[in-house]
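Listed here are the chains, written in short residue letters.
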Amino acid sequence: MPKGGEEAVNMAQQEMEFRVDMFSRLTAACFEKCIGRSYKDSELNVGENSCIDRCVAKYWQVTGIVGQMLGGAQFPGK
Amino acid sequence: MDPSMLASLSDEDKAAMDKMLETVQMRDSLRLYNTLVERCFNNCVDSFRRKTLDKTEETCVKRCVEKFLKHTGRVSLRFQEINGGLATPD
């Protein structure tokens, strides 16, 4: 692969790893916030579903705020 | 890795070394971003009655970010002092 192509793949890999990492943290955070530990039921109830939806929305909002504060341009992700 | 070893590298190797440093720093910046989001979210957001942050939460997040960045800066400083100045800046 020519040098340019290799560079593109490396950058894409970095971005991919970044996104995967973010998704992972987001999932863990909202599980912690929304799902109680007694695990009375294996199904998600209505309350938990709403909580998850709102949690994801809020987490995403925080992502945007932090992105702006760190100087938007260099950070990928929308 | 000491300065004299770096000085004796070929141009090609120096370029590769620079590229490696850039890659590592980029990865670290991205990790910082994700760490900050997670940490400040966990510490500042506790209610999910709405899907948008309220003023208190937003302020908390901003302060959290600023504080963490300042903290990182200070840690860097001390680390460089202890480590003899070879640590990368930023």
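Before reading further, recall that the structure is shown in the block above.
Cut-off values and rules
- Residues numbered from 1 in each chain as written.
- Chains lettered and ligands numbered in written order.
- Predicted model: local features only at pLDDT ≥ 70, side-chain atom pairs only at ≥ 80, totals over all residues.
- Heavy atoms only, no water.
- Helix = DSSP H or I, 4+ residues; strand = E, 2+ residues; numbered from the N terminus.
- Rg over C-alpha atoms; globule rule 2.2 N^0.38 Å.
- Buried < 20%, exposed > 50% of the residue type's maximum accessible area, 1.4 Å probe, protein only.
- Contact = heavy atoms within 4.5 Å.
- Areas by Shrake-Rupley, 256 points an atom, 1.4 Å probe, with all protein chains shown as cover.
- Core = buried A, V, L, I, M, F, W, Y, C linked by side-chain atoms within 4.5 Å.

Attention shifts here to the overall build of chain B. Scanning chain B from N- to C-terminus turns up three helices and zero strands. Along chain B, from the amino end to the carboxyl end, the secondary structure elements read α-α-α. By the compact-globule yardstick of 12 Å for 90 residues, chain B is too spread out, its C-alpha radius of gyration being 19 Å. Overall, chain B is about 60 × 25 × 15 Å in size when its C-alpha atoms are taken along their principal axes. The proportion of buried residues among the 90 residues of chain B is 20%. Put simply, of all contacts in chain B between residues at least 6 apart along the chain, 39% involve residues at least 24 apart. Accessible surface for chain B amounts to roughly 6700 Å². Of this, 54% is attributable to carbon and sulfur atoms.

Let's shift gears to unusual backbone geometry. Unlike most non-glycine residues, A:Tyr39 shows phi in positive territory, near 50°. Structurally, the position occupied by A:Tyr39 is in the loop between α1 (3-34) and α2 (46-69).

Formed by 28 residues in total, the largest nonpolar core has its most connected members in A:Val62, A:Val66, B:Leu36, B:Phe41, B:Phe48 and B:Val61. Mapped onto this core, the elements with two or more residues apiece are α1 and α2 of chain A together with α2 (11-44) and α3 (55-83) of chain B. Among the elements that make up this core, the one with the highest residue count is α2(B) (seven residues).

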